[in-house]
Amino acid sequence: MEAEIILHVDGSRRALTIDTRTTLLDALRDRLGVYSPKKGCDHGQCGACTVLLNGRRVNSCLVFAVAQDGAEVVTAAGLAEGGNLHPVQQAFLDQDAFQCGYCTPGQVCSAVGMLAEADAAQPSYVTEGFRPEDSPAAADLDDEEIRERMSGNLCRCGAYVNIVAAVRQAAAGGSGA
Amino acid sequence: MTAPLEARAMGSSIERLDGVAKVTGTAPYAWEQPVERPAYLHPVQSTIALGRVTGIDTSAAEALDGVIAVLTRHNALRLEDTSDGELAILQDDAVGFRGQFIGGVIAETPETAREAAALVTVTYDQEAHDARLSADRDDLDAPDQVNAGFPTDTVQGDPDAALAGAAVVIDRTYTTPAEHNNPMEPHTTVAQWTDNGLVLYDSTQGVHQVRRALAPVFGLPIERIHVTSPHVGGGFGSKGLPHSHVILVAMAAQLSGGRPVKLALTRQQLFSVAGYRTPTIQRVRLGADREGRLTAIVHDVVEQTSKIKEFAEQTAVPTRMMYAAENRRTTHRLARLDVPVPSWMRAPGECPGMFGPEVAMDELAEACGVDPIEVRVRNEPHIDPESGRPFANRHLVACLREGARRFGWEQRDHRPRVRLDGDWLAGTGVASSTYPARSQPGSVARIRFADGLFNVSIGAADLGTGTWTVLTQVAADALGVGVGDVRLEIGDTALPKASIAGGSTGLASWGTAIAEAGETFLTKYGTEPEDGDELEAAAPKNPAADEYAMHSFGAQFAEVKVHRFTGEIRVSRMLGVFSAGRIVNPRTARSQFLGGMTMGLGMALHEHSVMDPRFGIIVNHDFAEYHIPANADVLDMDAIWLDEVDEHAGPLGARGIGEIGIVGAAAAIANAAYHATGVRVRDLPLTPDKFL
Ligand code: FES
Ligand code: FES
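Residues numbered from 1 in each chain as written. Chains lettered and ligands numbered in written order. Predicted model: local features only at pLDDT ≥ 70, side-chain atom pairs only at ≥ 80, totals over all residues. Heavy atoms only, no water.

**Comments concerning the overall build of chain A**
Scanning chain A for helices and strands turns up six helices and five strands. Listed by position from the N terminus, the elements making up chain A come as β-β-α-β-β-β-α-α-α-α-α. The C-alpha atoms of chain A give a radius of gyration of 16 Å, which matches the 16 Å a tight globule of 177 residues would have. The dimensions of chain A, computed from C-alpha atoms along their principal axes, are 45 × 35 × 30 Å. Across the 177 residues in chain A, those meeting the buried criterion constitute 58%. Of the roughly 6,700 Å² of accessible surface on chain A, 47% is carried by carbon and sulfur atoms. In chain A, the 14 positive side-chain charges and the 23 negative ones have mean positions that sit 6 Å from each other. (Helix = DSSP H or I, 4+ residues; strand = E, 2+ residues; numbered from the N terminus. Rg over C-alpha atoms; globule rule 2.2 N^0.38 Å. Buried < 20%, exposed > 50% of the residue type's maximum accessible area, 1.4 Å probe, protein only. Areas by Shrake-Rupley, 256 points an atom, 1.4 Å probe, with all protein chains shown as cover. Lys, Arg positive; Asp, Glu negative; His and termini not counted. Charge placed at Lys NZ, Arg CZ, Asp CG, Glu CD.)

Structure representation (structure tokens):
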């Protein structure tokens, strides 16, 4: 079965006819040629496919494209508007927070989404008290909070030490707000 | 002979040259290469471990709208050379392991290909398979040699007599499980047949190795296979040699009417067809005097291979050079099973092979009442015990001492299970690390001056290893110019041949070719070349390789906490100190060391590919069940190195660092867990149940 949908991807309006079984990830990659989000597992288990969907981080392999008619999708490519890197991307570069780079666009989108969550007072599993009022703002996240909140994004190259440093750098710059 | 390079760009922490492309996701990996009107392949895999395919009904699949063709052995390309049992798929009806490719569907979309593959019905004549590894089997078999061409067994002196007469004997069996490389980018190939032959966009550690391996299989001259692979999303050995999916997609591309065909393995498929680390059973016997000086070392390894293709891991090889002892024996025995084909995984040999012995050294230290660092220092050999050659820059002791100082080892109370931090038992441990410093001769670099730039090309690979960046630094120094004056090209068989990105040989092998080409270029054209000046040069063999035993060394330190009621284990601190010759780029090098240590943490705590021998299948075949370290698993971890240049390691003075970071990490963590809990776990991974 096919359906017609509109997606707003990295600022451009894209109309497409898709198989209703097509995930948002495959729609982006195979239908629209937007290869920035990666496929690491196709199962919601690795985070390589993370994009910002209507401003929130999601595993795009777990989302059916047909359900997202009219949605706003931002990928890591779209975060670097006009050739200027997003502060999170700059921090990843500064801290060498990647090796092969395959998990990286997902890590970057996840960090951007995560910092916004922190500023929206959303607690994590390691937040003492677990109430919104206990949740630290992005700039106040400690390493334990960053690690916990970034644990949905696996990195087989093992760049975690530098990913935490990069997110800390970006958070201190207030880029998540 | 190439002169040593003067380091100007080398040694500086320049940012990765592919960094902007990586953080924006715009670096094209294999799937993302521009091709016209691709078709999509979804494989059909065997659901039995041994037997014959008696029938494949493809009618329902063929009837599906959007299916282009169904590939089976009945319409598959006949291969010219079927001697490699892993690559010789779809040539007959035999099934050699569960998950082996027996067909595939080519369709207009990935969804259709997958649906149609599920509609293919296969009937089998099933035979009783054998997928159980055990050291008690009576059919264990000695291979002719082990991986990388090492002898299967070695013996020096009379180890049995020395053990019988030793004051202290450690005799223990250690096991390491099967593990899967699991690069984050799944194995991916896009194939197209053109008038010029076969074109592949492949995720590989060596474009030239792919075409050299495939040419005889397809009966093609190598020039008729073109492989492109500019960016690779990790490999860790599993993309070292082509696996059977490359054959499958090339076969599929013969049925697509000339269209390119795309195949990316699913995460599950990768567990049966893309290689893995063999499980090992290691009996280690140490004989020593009361001060912990070794008189005998015996390391007997049992591991598995697939019946359809032999792979014999060189697990006991590091034991041949690590410590001094007059009497020594190492052996490897294989169980030949109906299982997927094992292959290289980060530091084959050293990685599992340093687990048993390095835990045994900790047990020896305890038995003798000697500090674990001291027991290693006391057994430091002055020459390579196996070859009798001097070591080139063996700095194990310096790594241990420097690490001890930084880690705060001096204050350590050696008694186990005496430190409680809340409900957490705390402990620290150490282990040695080593990896051979090899380089491969024969890589060729081309330098061409054009557009005011030195264009340097070599068919090398960057798997996240920093090749784009560090080879540019090497080229800049080889030509005496700035990094910005060099334009590097890698990852294509159209470029001069390069050795594989494996065995931590890439930098030394390719860098030597670039150094040689740079020196020749300057001699021929001077420092003011003209547009179009061009030459190629090959890396000479390193003459020191025949005179010295060349190895990198390291010391791994770990602090762990084990929950006294649940057995949960956390690695609270880790430090690696490495001696690896010149570090060409400290920024990328630290990342690579930390990456190896992180994978070693995974080996210690999480990784275990669980074979169900009743079905011959790895049951935990995805990231939900096969755990690799997540961000929250890695706490305080750092890697440092000795400031040195290895004057025997060729013009760069550098040894490769892709593998040493993982070696010894699991042993250090296991030793720390013993120190914390008093429970000696000899079977990886260190899951909570083992401490209760
Ligand atoms: S590809 Fe979506 S979570 Fe792995
Ligand atoms: S950088 Fe390679 S998987 Fe994260």
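**Description of the environment of Ile146 of chain A**
Residue and element names in this part refer to chain A. Structurally, Ile146 is set in helix 5 (residues 143-149). Remark: the alpha-carbon pair of Ile146 and Leu62, spanning 84 residues in sequence, is separated by 23 Å. Other than its neighbours up to four places away in sequence, Ile146 contacts Met114, Leu141, Val164, Val167 and Arg168. (Contact = heavy atoms within 4.5 Å.)

**Comments concerning the sheet that holds strand 11 (residues 188-194) of chain B**
All names here are of chain B. The seven strands lie next to each other as 3-5-1-14-11-12-13, forming an open sheet whose pairing is mixed. A strand with exactly one partner marks an edge of an open sheet, and here the two such strands are strand 3 (67-71) and strand 13 (225-228). Adjacent strand axes in the sheet meet at a mean angle of 25 degrees, parallel and antiparallel pairs treated alike. Direction of pairing for strand 11 relative to strand 12 (residues 197-202): antiparallel, over a ladder of six bridges. Across the sheet, the residue bridging to Thr194 is Gly197, located in strand 12. (Pairing = 2+ DSSP bridges. Axes fitted to C-alpha atoms, helices over the stretch in contact; angles between N-to-C directions.)

**Focus: the packing of helix 4 (residues 104-119) of chain A against helix 6 (residues 160-172) of chain A**
Residue and element names in this part refer to chain A. Between helix 4 and helix 6, the shortest axis-to-axis distance is 11 Å and the interhelical angle comes to 45 degrees. Comparing the axis directions of helix 4 and helix 6 gives the class oblique. As helix 4 runs across helix 6, the sense of the crossing is right-handed. Contacts from Gln107, Ala111, Met114 and Leu115 of helix 4 reach helix 6 at Ile163, Val167, Ala170 and Ala171. By residue class, the composition of the contact of helix 4 with helix 6 is seven nonpolar, one polar and no charged. (Parallel < 35°, antiparallel > 145°, perpendicular 65-115°, else oblique. Left-handed = near helix turned anticlockwise from the far one by under 90°. Nonpolar A, V, L, I, M, F, W, Y, C, P; charged D, E, K, R; others polar.)

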